[in-house]
Amino acid sequence: MKNEVAQLSAKEILEREFKTAMRGYKPEEVDAFLDQIIKDYEAFNERIESLENELKKAQKSSEPQRRSAVQQTQPQTTAGGTTNFDILKRLSNLEKEVFGRKLYEDR
């Protein structure tokens, strides 16, 4: 299995043939080392697939939460086209007007 990061697959490593030379490496040692590399490649590929699956599951499960959060942060509009913020602002202005008058009347 090739991916964007790895340049060789475990199969390519296993099937690779090297020419022998007069003073070359011992083929048994090279084969043993390549066998270790193949095991690592397979383990890394399994781990990558496992993590990709976990990521997909996490993204799927967090999608409803993201939608809910977006909906909660958007201003809610009433039937008349005003938002909750507009209503709160109007209430605040009314409170200032009413309580402001009382402060001046008490003097």
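To be clear, the structure that these remarks concern was listed above.
Conventions we followed
Residues numbered from 1 in each chain as written. Predicted model: local features only at pLDDT ≥ 70, side-chain atom pairs only at ≥ 80, totals over all residues. Heavy atoms only, no water. Helix = DSSP H or I, 4+ residues; strand = E, 2+ residues; numbered from the N terminus. Buried < 20%, exposed > 50% of the residue type's maximum accessible area, 1.4 Å probe, protein only. Patch = residues over 30% accessible without salt bridge, like charges linked within 9 Å, V, L, I, M, F, W, Y side chains within 5 Å. Areas by Shrake-Rupley, 256 points an atom, 1.4 Å probe, with all protein chains shown as cover. Salt bridge = Lys/Arg side-chain N within 4 Å of Asp/Glu carboxyl O.

(A) A look at the overall build of the chain. Assigned secondary structure in the chain consists of 3 helices and 0 strands. Order of helices (α) and strands (β) in the chain, N terminus to C terminus: α-α-α. Residues classed as buried in the chain amount to 8% of the 107 residues present.

(B) Fine view of a nonpolar patch on the surface. Residues Ile87, Leu88, Leu91 and Leu94 make up a contiguous nonpolar surface patch of about 370 Å² in total accessible area. As for its position among the elements, Ile87 is in helix H3 (residues 84-105).

(C) Looking closely at the environment of Leu14. The topology assignment puts Leu14 in helix H1 (residues 10-15). A relative accessible area of 58% places Leu14 in the exposed class. In this structure, the C-alpha to C-alpha distance between Leu14 and Asp31, residues 17 residues apart in sequence, is 8.6 Å.

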